[in-house]
Amino acid sequence: MARKDNQQVESQKQELNQDAIQEEEVESNERELSGWIRYVFLAIAVIGALYHIIVLNFAPQDPWVFRSTHLVFGLVLGLLLFPGWGSKKNKIHIIDWILILVSIYIGYYIYANLDQLLFRMGVAPTDMDVYVSIAGILIIIELTRRTSGWVLPILAGVFVAYAYLGPYLPGILQHQGYSVERFVTYIFGLDGVFGVTLDVSSKYIVLFIIFGAFLQISKVGQYFIDVAFAIAGGMRGGPAKVSVFSSGLMGMMNGTSAGNAVATGSLTIPLMKKVGYTPRFAAATEATASAGGQLLPPIMGAGAFIMAEILGVKYSEIILAALIPAILYFVSVYFMIDFEALKRGMKGLSRDKLPKFKDIAKQSYLILPIILLITMLVNGYSIILSGTVGIVSSLVASWFSKSTRMGIKKTALALELGMKQSIQLIAVIATAGIIVGVIALTGVGMRFSSMLLAIADSNVLLALIFAMLLSIILGMGMPTTAAYAIAASVVAPGLIKIGIDPLVAHMFVFYYAVISAITPPVALASYAASGIAGTDPMRTAFTSFKLGLAAYIVPFMFFYSPELLMTNETGLEIILVAITALIGVYLLAAAAQGWFFKTYAGWLVRAMLFVAAVLLIYVDYMLDFVALALVLVAGFIQWRRGKDSSQEKAA
């Protein structure tokens, strides 16, 4: 028996050490702007960034005018930067210039006819209202295709088709149908494209992306990575643990898991491969950590802003509720990579290859903008003021050292970078607004609510599983903010209708919208990381799924144990539930990785550990004792296996 176990161990080690995949480069789909076009793009981007900062803080505008101008900046910059097709991609085609002029006219048309549009859009539109709406919808969908691929445009197309095919559909999907004039002007109004999603994008998301750009140009972002390397780089499998820390910190600010995977993965993935991780595991680790950044307070990839806006609660309530679940997610990923390092017998990087604590301490002032931002948010200052102070403090912090100092040129580059990184999110948020508009117009969201209510009458757990699958499917192929906005419109109302607390319901769908980025078959973050690692995208996606396994269970944890969201419970209850949940994610990682008590675990032990982890979800001390008994039995089996193996080696 022991000999068979040893043979199994050796075969597993051989399988782990197979590494025959060559590295390949990620090709950008952006134009390489040059000449006068480059300066035009820079000028528009800088003006756009300053426009948002000034309007939000000093010169408020009508919401529809501000949102439409925000959209126009995104469309113009996007059409300049992203080609529509492959040939001569660095040359801006005449069609792009026409679309740019049309985009500008759309913004002017809304501004010039605002008073009338407020009363006639979606009700009694003119012919020009219809033409402007159709043009705007088509340009938005086209830019989304250019920046994010076909998934979201196709999904939007399905919803648009549903608006016209509704009268011919059976059952709960049937509706009365709408004329083209009413439909397009409703969708291109304040209940669709210019609704809550673009409102949050214009007020909060762009501001924090600009903040992230200032952190990047001022080297604060690199300082995060240096701190992570200094702390975790010397541990076993150190670069993977660095990836968890750095990707989490950077990912919470940029609103796109795939973008974060590329940004931080270009540094961490090669280092993970260097210390012994396979390319697939390295890419999966980066993708999982990058997706998890969207769950991390205080910014949560801008998802927290949308949630606070929809729920009408204080922003501080959202980030407090998100804290323990985010910790559980990252602790689980940490254990996953630690077990992988144990299986491979890895060591960390040598201290001479890591940043020195002395040098890091000298630059500790670089972290002050983050501390200031978090302090202001937690103490109830407005999100806009906090973000603006964060931008200014990043600029000021850069002046303390010659190597980080931002002058006029670097400041302009930071403003440009902020708007450049906002283009994709503006496009997908606007397209998400199209889908949200269809949901509001047709009432399909309420129909899904009724379906969930019918399922919950027989089994609430089954209703939650259905909500989980629907949130993941709706979020596949999309950035987090758009994925959550759609899931919040379709799925969350149904959960609330069956009696679930609104905060729990929205946090539930938010989690699954986030992890759709690492869920096969459309796992954007995994695919982006696999390009850097040079490994198979689909196999990377399945490895990411395994590493992020806790994220698929944590939402059920805070449904069955609402103490994890720290809402109305006492401190003792929160501590006890948090401890059992931490033990649960540890056991989950051990089951997934097949490693327990310093040796490989067979399928029986892994099954016992998984069941124990699931039992710890519930706030029930009897189930906790059953879980403890399973762990003790599993530990005894592993102890016997390790003892038999040691005796055989001695013989």
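Model, not experiment: these values are computed from the prediction.

*Asks:* Talk me through the overall build of the protein; I want residue IDs and the actual numbers.
*Replies:* Summing up its helical and strand segments, the protein has 30 helices and two strands in all. The C-alpha radius of gyration of the protein comes to 26 Å, within 12% of the 26 Å expected for a compact globule of 651 residues. Overall, the C-alpha framework of the protein stretches about 90 × 65 × 50 Å when taken along its three principal axes. Counting only residues that meet the buried cut, the protein has 57% of its 651 residues in that class. Restricting the contact set of the protein to residue pairs at least 6 apart, pairs at least 24 apart contribute 77%. In the form shown here, the protein has an accessible surface area of approximately 26900 Å², with 66% of it arising from carbon and sulfur atoms. A gap of 10 Å separates the mean positions of the 44 positive and 38 negative side-chain charges of the protein.

*Asks:* Now, about a nonpolar patch on the surface: what can you tell me, with residues and values included?
*Replies:* The grouping of L572, L576, Y621, F625, L628 and L632 at the surface amounts to a nonpolar patch, some 680 Å² of accessible area in total. At the level of elements, α28 (571–593) and α30 (621–650) are the ones that each hand at least two residues to the nonpolar patch. Looking at the nonpolar patch element by element, the count peaks at four residues for α30. Y621 sits in the exposed class, given a relative accessible area of 55%.

*Asks:* Can you explain the nonpolar core? Please cite residues and give values.
*Replies:* Burial of nonpolar side chains together is a common tendency in soluble globular proteins. If you look at the biggest cluster of nonpolar residues, it comprises 225 residues, and the most contacted ones within it are F188, L495, M507 and F508. In terms of residue count, helix α19 (residues 408–442) provides more of this core than any other element does, 16 residues in total.

*Asks:* Any chance you could break down helix α12 (residues 257–274) for me, citing the residues and the numbers?
*Replies:* Since one α-helical turn is 3.6 residues long, residues separated by three or four positions face the same way. The first and last C-alpha atoms of α12 sit 24 Å apart over 18 residues, in line with the 26 Å expected at 1.5 Å per residue. Residue G265 marks the point of greatest curvature in α12, where the axis turns by about 60 degrees. Listed in full, the buried residues belonging to α12 are S257, A258, N260, A261, T264, G265, T268, I269, L271, M272 and K273. Looking one or two residues past α12, G276 carries a phi angle of roughly 125 degrees, positive in sign.

*Asks:* Outline the side chain of D624, supporting the account with residue identities and numerical values.
*Replies:* Here D624 lies in helix α30. One buried charged residue, D624, remains without a salt bridge, the closest side chain of opposite sign being R606 at 22 Å. Sequence-distant contacts of D624, defined by excluding residues within four places in its chain, comprise T580, L615, L616 and Y618.

*Asks:* Tell me about the packing of aromatic side chains, residues and numbers included.
*Replies:* Under the defined criterion, the tally for this structure stands at 26 aromatic pairs. Considering the side-chain rings of F339 and Y586, the 5.5 Å spacing of their centres and the 65 degrees angle between planes classify their relative orientation as edge-to-face. Highlighted residues: F339 in helix α15 (residues 315–344) and Y586 in helix α28, separated in sequence by 247 residues. The exposure class assigned to F339 is buried, which follows from its relative accessible area of 4%. Through a chain of ring-to-ring contacts, three or more aromatic side chains come together here, namely Y334, F335, F339 and Y586.

*Asks:* Can you explain the pattern of salt bridges? Please cite residues and give values.
*Replies:* Any two side chains of opposite charge can pair, so long as their charged atoms come close to each other. Following the criterion strictly, the structure yields 13 salt bridges and no others. Notably, a salt bridge pairs E142 with R146, separated by 2.7 Å at the nearest N-O pair. Here the residue E142 and the residue R146 both occupy positions in helix α6 (residues 127–148), the gap between them amounting to four residues, near one helical turn. The salt bridge involving D338 is made with R236; its shortest N-O contact spans 2.8 Å.

*Asks:* Now, about the packing of helix α22 (residues 480–490) against helix α24 (residues 502–515): what can you tell me, with residues and values included?
*Replies:* Running from N to C, α22 and α24 cross one another at 140 degrees; their axes reach a closest spacing of 9 Å. For the element pair α22 / α24, the angle class is oblique. Regarding α22 and α24, the two cross each other, and that crossing is right-handed. Where α22 approaches α24, its residues T480, A483, Y484, A487 and A488 are matched on the opposing element by H506, V509, F510, A513 and V514. Grouping the amino acids of the contact of α22 with α24 by side-chain chemistry returns eight nonpolar, two polar and no charged.

*Asks:* Could you give me a rundown of the environment of N29, with the residues and numbers involved?
*Replies:* Structurally, N29 is set in the loop between α1 (2–16) and α2 (35–57). The sequence separation of N29 and F82 amounts to 53 residues, and the corresponding C-alpha distance is 6.7 Å.

*Asks:* How would you summarise the environment of L117 if you had to cite specific residues and measurements?
*Replies:* Secondary-structure assignment places L117 in helix α5 (residues 114–120). Its relative accessible area of 2% is what places L117 among the buried residues. Remark: the alpha-carbon pair of L117 and M272, spanning 155 residues in sequence, is separated by 56 Å.

*Asks:* Account for helix α18 (residues 383–398), with residues named and values stated.
*Replies:* With 16 residues, α18 ought to run about 22 Å at 1.5 Å a step, and its terminal C-alpha atoms sit 23 Å apart, in line with that. Of all 16 residues making up α18, 12 are buried, and the element is well covered by its neighbours. The inward-facing, buried residues of α18 contact α2, α9 (196–217), α14 (303–311), α15, α17 (368–378) and α19.

*Asks:* If you had to explain the environment of Q421 to someone new, which residues and values would you point to?
*Replies:* Here Q421 lies in helix α19. Separated by 211 residues in sequence, Q421 and I210 place their C-alpha atoms 8.3 Å apart. Apart from residues lying up to four places away in sequence, Q421 is in contact with I209, A213 and Q216.

*Asks:* Explain the packing of helix α13 (residues 279–293) against α15 to me, and be specific about the residues and the numbers.
*Replies:* Look at α13 against α15: their axes get within 10 Å of each other, and the N-to-C directions meet at 170 degrees. Here α13 lies roughly antiparallel to α15, going by the angle between them. Each of F281, T285, T288, A289, A291, G292 and G293 in α13 lies in contact with α15, whose residues at this interface are Y329, F330, V333, M336, I337 and E340. Taken together, the residues of the contact of α13 with α15 sort by class into eight nonpolar, four polar and one charged.

*Asks:* Break down the confidence of the model for the protein for me, with residues and values.
*Replies:* Any segment with low pLDDT has predicted coordinates that should not be analysed in fine detail. When the pLDDT values of the protein are averaged, the result is 84; 92% of them are 70 or greater. Scored below 50 in pLDDT, residues 1–27 makes 34 contacts in the model with residues more than four places away or belonging to other chains.

What counts and how
- Each chain carries its own residue numbering, running from 1 in the written order of its sequence.
- Residue-level local features of this predicted model are given only where pLDDT is at least 70; pairs of side-chain atoms are given and counted only at 80 or more, and the full residue set underlies all totals for whole chains, interfaces and linings.
- The side-chain values count all of the structure's non-hydrogen atoms but skip hydrogen atoms and water molecules.
- Helix and strand definitions follow DSSP, with helices as H or I runs of at least four residues and strands as E runs of at least two, each counted in order from the N terminus.
- Within these notes, the globule rule equals 2.2 Å times the number of residues to the 0.38 power, and the radius of gyration is based on C-alpha atoms.
- The cut-offs for exposure are 20% and 50% of the maximum accessible area for each residue type, with area from a 1.4 Å probe on protein chains only; residues under the lower value are buried, those over the upper are exposed, and the others partly exposed.
- Whether two residues are in contact is decided by their heavy atoms: any pair within 4.5 Å suffices.
- What sets the accessible areas is the Shrake-Rupley method with a 1.4 Å probe; for residues, cover comes only from the shown protein chains.
- Positive charges are assigned to Lys and Arg, negative charges to Asp and Glu, while His and the chain termini are left out of the count.
- In plain terms, the charge of a residue is placed at NZ if it is Lys, CZ if Arg, CG if Asp and CD if Glu.
- In this analysis, a patch consists of residues with relative accessible area above 30% that form no salt bridge, clustered at 9 Å for like charges and at 5 Å for the nonpolar side chains Val, Leu, Ile, Met, Phe, Trp and Tyr.
- Salt-bridge detection follows one rule: a side-chain nitrogen of Lys or Arg within 4 Å of a carboxyl oxygen of Asp or Glu.
- In this text, buried Ala, Val, Leu, Ile, Met, Phe, Trp, Tyr and Cys residues form a nonpolar core when linked through side-chain atoms within 4.5 Å.
- Take the number of residues in a helix, subtract one, and multiply by 1.5 Å to get its expected span.
- Note on bend: the value at a residue is the angle between axes fitted to the seven residues ending there and to the seven starting there.
- A pair of Phe, Tyr and Trp rings is counted when the ring centres sit within 6.5 Å of each other, with Trp represented by its six-membered ring. The angle between the planes then sorts it: under 30 degrees is stacked, over 60 is edge-to-face, the rest tilted.
- Lines are fitted to the C-alpha atoms to define the axes, a helix being fitted only along its stretch in contact, and any angle between axes, read from their N-to-C directions, falls within 0 to 180 degrees.
- Every angle not falling under 35 degrees, over 145, or within 65 to 115 is termed oblique; those three ranges are roughly parallel, roughly antiparallel and roughly perpendicular.
- By convention, the crossing between two helices is left-handed when the near helix turns anticlockwise from the far helix through less than a right angle, and right-handed when the turn is clockwise.
- Just so you know the grouping, Ala, Val, Leu, Ile, Met, Phe, Trp, Tyr, Cys and Pro go in nonpolar, Asp, Glu, Lys and Arg go in charged, and all remaining residues, Gly too, go in polar.
- pLDDT: the predictor's confidence for each residue, scored from 0 to 100.

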